[in-house]
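# Notes for the structure review
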Amino acid sequence: MGGYRVLGPVWGGWWRGPGVGSARKVAGFGTEARRQLQPRGSSKRSGSLGNQSFPGLLQPENLSREELVDVLRASVVDQKGPLVTLNKPQGLPVTGKPGELTLFSVLPELSQSLGLGEQELQVVRASGKETSGLVLLSSCPQTASRLQKFFAYSRRAQRPTATYWAVTDGIPATSEGKIQAALKLEYVDGVGSVVPVKSPSRKDILEGVKRTLSHFRVVATGPGCALVQLQPVTVFPSQLQVHMVLQLCPVLGDHRYSARVGTVLGQRFLLPAESTKPQKQVLDEALLRRLHLTPAQAAQMPLHLHLHCLHLPGTRPRDAPIELLAPLPSYFSRTLQCLGLCQQ
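Please read these numbers as outputs of a predicted model, since none were measured by experiment. (Residues numbered from 1 in each chain as written. Predicted model: local features only at pLDDT ≥ 70, side-chain atom pairs only at ≥ 80, totals over all residues. Heavy atoms only, no water.)

### Describing the packing of aromatic side chains
For clarity, the cut-off: Within 6.5 Å between ring centres, the rings of Phe, Tyr and Trp (the latter by its six-membered ring) count as paired, and their orientation is classed by plane angle as stacked under 30 degrees, edge-to-face over 60, tilted in between. When accessible area is computed with a 1.4 Å probe and restricted to protein chains, residues below 20% of their type maximum are described as buried, those above 50% as exposed, and intermediate ones as partly exposed. As a reminder, the over-ring test applies to NZ of lysine and CZ of arginine, requiring each to be within 6 Å of the ring centre and within 35 degrees of the ring normal.
Scanning all chains against the criterion turns up 1 aromatic pair. Where Phe150 meets Phe151, the ring centres are 5.5 Å apart and the plane angle is 55°; that geometry is what we call tilted. With a relative accessible area of 23%, Phe150 lands in the partly exposed category. Across the ring face of Phe151, the terminal group of Arg125 is positioned such that the distance to the ring centre comes to 4.8 Å.

### Some points on a nonpolar patch on the surface
Using the following cut-off: Exposure above 30% relative accessible area and no salt bridge define the residues that can form patches, which grow by joining like charges within 9 Å and nonpolar side chains of Val, Leu, Ile, Met, Phe, Trp and Tyr within 5 Å. Throughout, the Shrake-Rupley method with a 1.4 Å probe supplies accessible areas, and for residues the shown protein chains are the sole cover considered. For salt bridges, the criterion is a side-chain nitrogen of Lys or Arg within 4 Å of an Asp or Glu carboxyl oxygen. Each helix is a run of H or I in the DSSP string that is no shorter than four residues. Each strand is a run of E no shorter than two, and both are numbered from the N terminus.
Residues Val264, Leu265, Phe269 and Leu271 make up a contiguous nonpolar surface patch of roughly 390 Å² in combined accessible area. Within the element layout of this structure, Val264 appears in strand β12 (residues 261–264). Take Val264: its relative accessible area is 47%, and that puts it in the partly exposed class.

### Examining helix α4 (residues 141–156)
Condition: Expected helix span is given by 1.5 Å per residue-to-residue step, counting one fewer step than there are residues. We call two residues in contact whenever any of their non-hydrogen atoms come within 4.5 Å of each other.
Under the 1.5 Å per step criterion, the end-to-end length of α4 is 23 Å for 16 residues, consistent within 8% with the ideal 22 Å. Buried residues along α4 sit against β4 (83–88), β5 (122–126), β6 (132–138) and β14 (305–312). Directly after α4, the chain includes Gln158, whose backbone phi takes a positive value near 55°.

### A look at the environment of Leu303
Positionally, Leu303 belongs in the loop between α8 (295–298) and β14. For Leu303, a relative accessible area of 2% translates into the label buried. C-alpha separation for the pair Leu303 and Thr131, spaced 172 residues apart in sequence, amounts to 6.6 Å.

### Concerning the side chain of Arg334
Stated precisely, the cut-off is as follows: In this tally, Lys and Arg are treated as positive and Asp and Glu as negative; His is ignored, and so are the chain termini.
With respect to the helices, strands and loops of the structure, Arg334 is situated in helix α9 (residues 330–339). Buried charge without a partner: Arg334 forms no salt bridge, and the closest opposite charge is Asp284, 14 Å away. Excluding anything up to four places from it in sequence, Arg334 contacts Gln52, Ser53, Pro55, Leu291, His292 and Leu293.

### Examining α9
Burial analysis of α9 places 7 of its 10 residues in the buried class, the great majority of the element. Looking only at α9, the buried set comprises Tyr331, Phe332, Ser333, Arg334, Thr335, Leu336 and Leu339. Buried residues belonging to α9 abut β6, β7 (162–169), β11 (225–232), α7 (285–291) and β14. Residue Gly340 follows α9 closely and has a positive phi angle near 65°.

### Examining empty space enclosed by the protein
Counted only if it meets this: In the cavity and pocket records, a cavity denotes points on a 1 Å grid over the protein atoms alone where a 1.4 Å probe fits but cannot get out, a pocket denotes an open set with protein on both sides within 12 Å along at least 5 of 7 lines, and lining residues are residues with an atom within 4 Å of a point. Grid points are joined across faces, edges and corners, and a volume is the space filled by probe spheres set on the points. Classification used: nonpolar for Ala, Val, Leu, Ile, Met, Phe, Trp, Tyr, Cys and Pro, charged for Asp, Glu, Lys and Arg, polar for all others including Gly. Domain start and end points were adopted from an automatic or database domain assignment.
The tally for this structure, following the rule as stated, stands at 1 cavity of 30 Å³ or more. Reported here for the largest cavity is a volume of approximately 70 Å³. Lining the largest cavity, in full, are Arg125, Phe151, Ser154, Arg155, Arg159, Pro160, Thr161, Ala162, Pro232, Val233 and Val235. For the lining of the largest cavity, a count of residues per class yields 6 nonpolar, 2 polar and 3 charged. Lining the lining of the largest cavity are residues from two domains, each supplying at least three of them: domain 1 (57–157) and domain 2 (164–305).

### Overview of unusual backbone geometry
What is expected of a backbone is that most residues other than glycine have negative phi and most peptide bonds are trans. A positive phi angle, near 50°, is found at Ser199, a position not held by glycine. Mapped onto the secondary structure, Ser199 falls in the loop between β9 (191–197) and α5 (202–206). Overall, Ser199 belongs to the exposed group, its relative accessible area being 62%. The backbone of Leu265 sits at a positive phi, close to 55°, despite the residue not being glycine. By secondary structure assignment, the location of Leu265 is in the loop between β12 and β13 (267–270). The class of Leu265 is exposed, set by a relative accessible area of 84%.

### Concerning the pairing of strand β10 (residues 210–222)
Basically, it comes down to this: Strands were regarded as paired on the criterion that DSSP finds at least two bridges between them.
As paired elements, strand β8 (residues 176–188) and β10 share 8 bridges and run antiparallel to each other. Note on β10: the bridge partner recorded for Lys178 is His215. Across 8 bridges, the pairing between β10 and β11 is antiparallel. Bridge pairing links His215 to Gln231 in β11.

Listed below in structure tokens is the structure:
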């Protein structure tokens with residue numbers, strides 16, 4: 001399919017590395033909860049939709065600064081030393097334009113609320129606006145720098161440090177493997193869109209085209225849908241969404257790239273990325289019935305992509321690695337239940 005490759009099974013658990021199998025789990029799912037994929041500790045102030053089609057969905061535009069700080073404080077899943085880990089709600093931007101309500105804009109108030117005094121938090125690692133899940137913050141510049149170097153080294157060594165859960169419209173052709181694609185970011189009328197590039201030249205690379213890589217594993221399947229575990233090795237905007245589109249299995253709630261997958265007589269194919277405009281995701285009637293959604297409700301569906309796990313080095317060289325975990329949002333768990341997707 002053009003400028004990307006899906007390679008065979010490569011999962012093999014190598015990313016766990018020595019000692020990670022016994023890593024310290026500091027938040028999120030316990031053994032039973034991981035088995036059932038059930039969330040814990042969802043925020044009580046997270047402004048859900050009135051029809052409860054997507055319970056627990058945050059609506060940042062309806063929150064004041066004080067309310068957002070309260071939501072974020074309730075979203076803390078771990079706080080040890082200078083590190084603070086949040087379970088970021090879907091739809092909350094990390095950064096934005098001046099005056100826009102973002103995670104970054106309320107870090108001073110959040111630092112005070114968490115009792116850090118003059119030690120203001122800074123972002124070390126975060127999921128994107130439309131993605132829910134882990135955000136790693138630090139009140140110590142030295143610790144933040146050490147972790148940034150660790151993440152950079154892991155990327156160079158092609159060792160994933162982040163694990164995402166995704167619910168997809170469609171089932172990948174292979175149960176596990178890796179996706180490689182050259183991607184570029186294009187702007188049309190001020191709106192950015194990620195486009196695959198077939199056989200990029202050296203000039204393309206110099207002009208911003210990046211070779212990207214993600215590992216994937218199908219965790220569970222249902223009629224026409226799947227729960228997929230994703231581990232990006234590289235970092236690029238919308239990388240996981242575009243990679244799943246290249247698999248002909250767009251993520252549920254992807255209203256930007258899912259239109260690139262066309263269907264004729266039940267067979268899926270890729271439409272030209274450059275000429276396919278973003279539009280609300282269209283789901284077939286069978287999937288809508290299982291989700292108990294109308295087409296209008298499905299058009300408001302949040303992106304079902306959740307940064308579930310981060311692996312960090314131990315505080316000392318001989319310490320076991322640390323595994324940070326974030327519970328699933330309530331609407332994500334509802335979708336899994338409706339579709340009968342359970343971890344196998």
